[in-house]
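Each chain, written out:
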Amino acid sequence: MKIGLLALQGDYREHLQVLQTLGVETAEVRLSKDLEGIAGLIIPGGESTTIGKLAARYHLIEPLRVFARAKPVWGTCAGMILLAKEIGGEQPILGIMDIVVERNAFGRQVDSFQIDLEVPILPDGDSKTFPAVFIRAPRLVGVKGDAALIAQLPDGTGVAAQEGKWLATSFHPELTKDNRFHRYFLSLVEQRP
Ligand code: GLN
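About the criteria used
Residues numbered from 1 in each chain as written. Predicted model: local features only at pLDDT ≥ 70, side-chain atom pairs only at ≥ 80, totals over all residues. Heavy atoms only, no water. Core = buried A, V, L, I, M, F, W, Y, C linked by side-chain atoms within 4.5 Å. Buried < 20%, exposed > 50% of the residue type's maximum accessible area, 1.4 Å probe, protein only. Helix = DSSP H or I, 4+ residues; strand = E, 2+ residues; numbered from the N terminus. Contact = heavy atoms within 4.5 Å. Near = heavy atom within 4 Å. Polar contact = N/O pair within 3.5 Å; in protein donor to acceptor, adjacent residues only side chain to side chain. Areas by Shrake-Rupley, 256 points an atom, 1.4 Å probe, with all protein chains shown as cover. Nonpolar A, V, L, I, M, F, W, Y, C, P; charged D, E, K, R; others polar. Phe/Tyr/Trp six-rings, centres within 6.5 Å; stacked < 30°, edge-to-face > 60°. Salt bridge = Lys/Arg side-chain N within 4 Å of Asp/Glu carboxyl O.

To continue, consider the nonpolar core. Counting residues in each nonpolar core, the largest one holds 35 residues, and the members touching the most others are Leu-6, Leu-41, Ile-43, Val-73, Met-97, Ile-99 and Val-101. For this core, the secondary structure elements donating two or more residues are strand 2 (25-29), strand 3 (40-43), helix 2 (48-57), helix 3 (61-70), helix 4 (78-83), strand 6 (97-102) and strand 12 (166-169). Broken down by element, this core gets its largest block of residues, 5 residues, from helix 4. For Val-73, the residues in contact, after removing those within four places along its chain, are Leu-41, Ile-43, Phe-67, Ala-68, Leu-83, Lys-165, Trp-166, Leu-167 and Phe-185. In this structure, Cys-77, Ile-150, Leu-153 and Val-159 belong to the second largest nonpolar core, which totals 31 residues.

Written out as structure tokens, the structure is:
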């Protein structure tokens, strides 16, 4: 089982390190041919406008949509913005998940923060919180159709969603030592034929 990282911009190396620690084979995706033989794809955090523009320039938007129709995809932070169908602005996105996202939703004073979140779907999620790192993060303002909220801040703000084989998190699990989100994504990949 090989997991791809969209490696156009952003912190894809941190994801690669976590996956390698878990003994998973990885591949950096920059061209559509790099998607061949990949069982799941992670879109990292970074700058969603840059990642989207580079994906458009390298003719990756349509191949990524085709890939996502068949296989699990997880977007973290900027990656969540790329996966969302609605982002309230004009920039190239994949528009895959039935979620409504607001970019840079946490204001200047709190551009970055860490908080322990309850995420019941994770392994040990009922008894152990997840350390979530937010960096100029988006928030979920709407979850529609088959998409479901899987994590919220204490004030109810949506910060993670799942829609079948697709996962989106406002925060950066690759920047913590807790690899349960990566293991959860791998379990979604393993469920697929
Ligand atoms: N603010 C960035 C954006 O809008 C996302 C930040 C991140 O990925 N850490 O794309």
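In this section: the site of the ligand. Near the ligand you find Gly-45, Gly-46, Glu-47, Ser-48, Cys-77, Ala-78, Ile-81, Arg-103, Asn-104, Ile-135, Arg-136 and His-172, and these make up its full shell. Here an oxygen atom of the ligand sits 2.7 Å away from a polar atom, N or O, in the main chain of Ser-48. A distance of 2.6 Å separates a nitrogen atom of the ligand from a polar side-chain atom of Asn-104. In isolation the ligand exposes 300 Å². Once the protein is present, 95% of that is buried. Each residue belonging to the shell around the ligand can be placed in one class, and the counts come to 4 nonpolar, 5 polar and 3 charged.

All told, the structure shown has 9 aromatic pairs when counted by the stated rule. Look at Phe-134 and Phe-171: their rings are 5.5 Å apart centre to centre, the planes differ by 55°, and that puts the pair in the tilted class. Placement of the pair is Phe-134 in strand 8 (residues 130-135) and Phe-171 in the loop between strand 12 and helix 5 (180-190), with a sequence separation of 37 residues. Here Phe-134 matches Phe-171 in class, with each residue buried. Counting every residue linked through ring pairs, the aromatic cluster contains Trp-74, Phe-106, Phe-113, Phe-130, Phe-134, Phe-171, Phe-181 and Phe-185.

Glancing now at the pattern of salt bridges. Side chains that differ in sign of charge can pair as their charged atoms come close. Under the definition given, this model contains 9 salt bridges. The shortest N-O distance in the salt bridge between Arg-65 and Glu-62 comes to 3.3 Å. Taken together, the residues span about one helical turn, with Arg-65 and Glu-62 both in helix 3 at a distance of 3 residues. Look at Arg-65 and you get partly exposed, because its relative accessible area is 28%. Glu-102 is the salt-bridge partner of Arg-139, the closest N and O atoms lying 2.7 Å from each other. Here Arg-139, found in strand 9 (residues 139-143), pairs with Glu-102, found in strand 6; they are 37 residues apart in sequence, far enough to count as distant. A relative accessible area of 28% means that Arg-139 is categorised as partly exposed. Residues joined in a network through salt bridges with shared partners are Glu-62, Arg-65 and Arg-69.

These figures capture arrangement, not role.
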